[in-house]
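# Coordinates in review
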There are 2 protein chains.
Amino acid sequence: MATGGMDEASNMKVVLKHYVSGSPQETDMHLTAGTIKLKVPKDSNSIILKNLYLSCDPSMIFKMMKLERQLTDPYVLGSPITGYGVAKVLDSAHPGFAKDDLVWGITGWEEYSLISDPKNFFKIQHTDVPLSYYAGILGMPGITANIGFYELCAPKKGDYVFVSAAACGAVGQLVGQFAKLHGCHVVGSAGSPEKVNILKSKFGFDEAFNYKDEPNFDATLKRHCPEGIDIYFDNVGGKMLDAVLLNLRPHARIAVCGMISQYNREQPDGIQNLSSIVSKEARMQGYLATNYYHLYPKYLEMILPLIKESKVVYVEDVDTIFWMETGST
Amino acid sequence: MATGGMDEASNMKVVLKHYVSGSPQETDMHLTAGTIKLKVPKDSNSIILKNLYLSCDPSMIFKMMKLERQLTDPYVLGSPITGYGVAKVLDSAHPGFAKDDLVWGITGWEEYSLISDPKNFFKIQHTDVPLSYYAGILGMPGITANIGFYELCAPKKGDYVFVSAAACGAVGQLVGQFAKLHGCHVVGSAGSPEKVNILKSKFGFDEAFNYKDEPNFDATLKRHCPEGIDIYFDNVGGKMLDAVLLNLRPHARIAVCGMISQYNREQPDGIQNLSSIVSKEARMQGYLATNYYHLYPKYLEMILPLIKESKVVYVEDVDTIFWMETGST
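Note that the coordinates shown come from a computational prediction; the quantities given were computed from them, not determined experimentally.

A few words on unusual backbone geometry. Residue and element names in this part refer to chain A. Positive phi is not limited to glycine here, since Asp43 has a value of about 55°. Structurally, Asp43 can be placed in the loop between β2 (29–37) and β3 (47–54). For Asp43, a relative accessible area of 85% translates into the label exposed.

All names here are of chain A. For strand β8 (residues 160–163) and strand β9 (residues 185–190), the ladder comprises 4 bridges, and the chain directions are parallel. Among the inter-strand pairings, Tyr160 is bridged to a residue of β9, identified as His185. Following the chain from β8 across helix α3 (residues 170–181) to the adjacent parallel β9, one finds a crossover that is right-handed. Pairing geometry for β8 and strand β11 (residues 229–234), over 3 bridges, is parallel. Bridging from a neighbouring strand, Phe162 pairs with Tyr232 of β11.

A few words now on the interface of chain A and chain B. On the chain B side, the residues contacting the 30 residues of chain A number 30 residues. Here chain A and chain B share an interface that buries about 2,600 Å² over both sides, 59% of which is from carbon and sulfur atoms. Three residues stand out in chain A for area buried against chain B, namely A:Gln272, A:Val278 and A:Glu281, and they jointly supply 23% of the buried area on that side. Here chain A is connected to chain B by 0 salt bridges. Linking chain A to chain B there are 8 residue pairs in polar contact (both at pLDDT 80 or more). Elements supplying a minimum of two residues to the side of chain A that touches chain B: α8 (276–279) and β13 (283–286) of chain A. The dominant element in the side of chain A that touches chain B, judged by the number of residues it contributes, is β13(A), at 4 residues. Split by residue class, the side of chain A that touches chain B holds 16 nonpolar, 10 polar and 4 charged. In the sheet, β13(A) pairs with strand β13 (residues 283–286) of chain B via 3 bridges, with the strands oriented antiparallel. Following the sheet pairing, A:Gln285 is matched in β13(B) by B:Arg283.

The two copies are related by a screw operation: chain A maps onto chain B through 180° of rotation and 0.0 Å of translation along the axis, at an RMSD of 0.0 Å. Taken together, the rotation and translation describe the operation of a two-fold axis. Residue A:Gly270, judged by its C-alpha, is the member of chain A lying nearest the rotation axis, at 1.9 Å. Here 100% of the interface residues in chain A have copies in chain B that are interface residues too; the copies meet face to matching face.

Parameters at a glance
- Residues numbered from 1 in each chain as written.
- Chains lettered and ligands numbered in written order.
- Predicted model: local features only at pLDDT ≥ 70, side-chain atom pairs only at ≥ 80, totals over all residues.
- Heavy atoms only, no water.
- Helix = DSSP H or I, 4+ residues; strand = E, 2+ residues; numbered from the N terminus.
- Buried < 20%, exposed > 50% of the residue type's maximum accessible area, 1.4 Å probe, protein only.
- Pairing = 2+ DSSP bridges.
- Right-handed = clockwise from strand over helix to strand, strands pointing away.
- Contact = heavy atoms within 4.5 Å.
- Buried area = accessible area lost by both parts, 1.4 Å probe.
- Salt bridge = Lys/Arg side-chain N within 4 Å of Asp/Glu carboxyl O.
- Polar contact = N/O pair within 3.5 Å; in protein donor to acceptor, adjacent residues only side chain to side chain.
- Nonpolar A, V, L, I, M, F, W, Y, C, P; charged D, E, K, R; others polar.
- Least-squares fit on C-alpha atoms with pLDDT ≥ 70 in both.

Here it is as C-alpha cells:
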C-alpha cells in the first residue's frame with residue numbers, strides 16, 4: 001500500500017464493526033488498512049510498537065458488548081480492538097524504553113501501535129524462552145494463575161483441587177500444574193476428549209472430564225472428587241460453580257478470576273447453592289491480576305526455572321495473521 | 001404432677017410433632033410432660049441443668065426439616081427440641097462444673113436437662129449484667145457478630161457498611177453498633193417501621209429501610225448507599241444479596257453467617273450477580289461462630305465494658321413459658 005511519507009508505514013488493523021450480543025463471530029470484525037508514522041511525537045511519553053504476538057483473552061468479550069451495566073470501557077467502533085500482546089519498540093520518547101526493547105502489555109490488534117502512555121508495559125528481560133510466552137505463561141495469564149492459586153487459595157499439600165476450563169487457556173493448565181507441584185490432588189474439566197487427554201497426559205492432572213458429556217455436574221463431581229473439594233479455581237461460574245458449592249470440604253477456598261460461561265449471557269445463571277459457604281465456612285475471592293503486578297518479579301523468579309527444567313509445560317494455540325507472515329521490520 | 005421418687009421432678013418439654021416444610025407453626029410442636037431424676041448418673045461426666053432462658057435462633061429451622069441434603073442432624077421427633085440457653089447447674093459429675101454454677105450452651109427446650117457431655121458449655125463468670133444476655137449479646141449471637149465484623153470483614157474507619165435483618169435478632173443490631181463504634185457509615189434493613197425506627201434512634205444506624213416496602217432492592221441500595229458498600233454483613237442471602245452484589249465498592253468484604261431468607265425454601269433464589277465479585281475483587285466468607293469459641297474470652301473483655309458504659313445497647317424480645325413463671329428450684 002502507498003504510504004504518505006518516509007516514516008509512514010501501512011498498518012493493517014482488526015476493527016470491531018458493531019457491538020455484539022452472544023458469542024462474537026469473525027463477521028463482527030473486519031480488517032482495514034491504515035497508515036502510521038513510525039516516529040514518536042515530540043514532547044510525548046509515547047512509544048511506537050511493532051506487534052509480534054497478540055493474545056485472545058476471554059475478558060475481551062466485555063469490550064465487544066455494550067451492556068446496561070458496563071464493567072469496562074467498550075471498544076471504540078472503527079478503531080483497532082486491544083488486548084495483551086508482545087511487541088518490539090521501534091521508537092521511544094519514554095525514558096523507560098529504548099529502540100529494540102521487547103515488551104508486553106495491552107496493545108492494539110494492528111501491525112504497529114502508538115502507545116501514548118506505556119506505564120503498564122513490562123520490558124522483557126529473559127529471551128531464552130519463546131517470546132510468545134509473554135502473552136501467556138509469562139504474562140497476565142501466568143500472573144492470574146499464580147496469584148489465584150498461591151496467594152488467594154492458600155494451598156496445602158494433599159488438598160483436593162478442582163479447575164474448570166482447565167485446558168481452555170493459559171490459566172487453567174498452569175493452576176493444575178502448580179497444584180500438582182504443590183502435592184495436591186487435581187481434577188480438571190475441559191470441553192473435548194482431546195483436551196481431557198492433554199490434561200491427564202501432558203499436564204499431569206489426576207482426573208479430568210469433558211463437561212459437555214456430563215448432564216449433571218453434581219453427580220460428575222461426586223464421581224471425580226469423591227472426597228470433596230478444598231480449592232476450586234473458577235474460570236467459568238454458572239452451573240459448574242453451583243455444583244462445586246454442593247461438593248465443598250470444610251474451609252474450602254474458591255478463587256474467581258472470571259466467569260466465562262456467563263460473559264455472553266443476557267440473563268446469567270442463578271446460583272442456588274451459595275448457602276453452602278456458611279455450612280462449609282468457605283471463602284470465595286474475586287480478583288483482577290492487574291492489581292497484583294507488583295508480585296510479577298517474584299513470579300518470574302519462580303516460573304522461569306520451572307519452564308527451563310520442564311517441570312511446567314505450556315501449550316499454546318498460535319494462529320498467524322497474514323501480515324505477520326511478511327517478516328519483521 | 002406426681003413424681004416417681006424423691007429426686008424425680010416433673011419436666012415439661014417442647015417436642016416437635018413432625019418435620020416441617022416452609023415456616024414452622026406453633027401447631028408443629030406440642031408441650032408434653034415427663035419426669036427427670038435431678039441427680040447425675042454415677043460414673044458419668046454429666047450435669048443436670050435447670051433451664052432459665054432459651055434462645056430462639058433462625059438456624060433451628062434446619063433441625064425442624066428433613067431435607068434431601070441435611071446440613072445438620074434433625075431433631076428427634078418426640079424428644080425436646082434443643083438450642084442455646086442459660087441454665088443453672090443442679091448437680092454435676094463433671095470436674096469443670098459445680099452445683100449452682102450458671103452456664104450457657106446448647107440445652108433442651110424443657111424445664112430440666114441432663115447433659116451427658118457438657119464440654120461445650122461455658123461457665124458464666126460475670127453476673128453484673130442481665131443473665132439473659134448470655135443467650136444473646138454475651139453468647140453465640142454476640143460471638144457471631146464480633147467474628148464476622150472484626151475478624152472476617154477487616155473494617156476500616158470510614159467504610160460503608162450494610163447490615164441486613166439488622167433488627168431481627170441479636171446479631172444484626174450488634175454488627176451495626178460495632179460498625180458505628182469503629183467509625184463506619186452504617187445502613188440497615190428491617191421488616192417493619194418500628195424496627196427501622198429502633199435501628200436509627202436506638203442503635204445509631206445512619207440509615208435504615210423497611211425491605212417490605214421496597215420493590216427493587218438495587219434501587220433501594222443505590223438510594224441509601226449511594227457511595228456503594230465496602231462491608232456487607234449478610235444474614236439473609238437471596239434477593240438482598242443479589243442486589244448488594246450490584247453495589248459493591250472495590251475490595252468489598254461480605255461475611256455470611258446465615259441466609260435466613262432461604263432456609264425454608266424448597267428452591268432457593270438464584271443469585272445472578274455473582275460475577276461482580278471478580279470486577280470488584282470482593283471476598284465472600286461463610287463461617288460458623290462455633291468454630292471461633294477460642295476467641296470468646298477476648299470478646300468478653302471487649303464487650304462487657306461497652307455494655308456497662310452503655311456504649312452498646314441490647315434489645316431483647318423475651319417471652320415467658322408458663323413453667324418458668326413458677327420460680328426457681
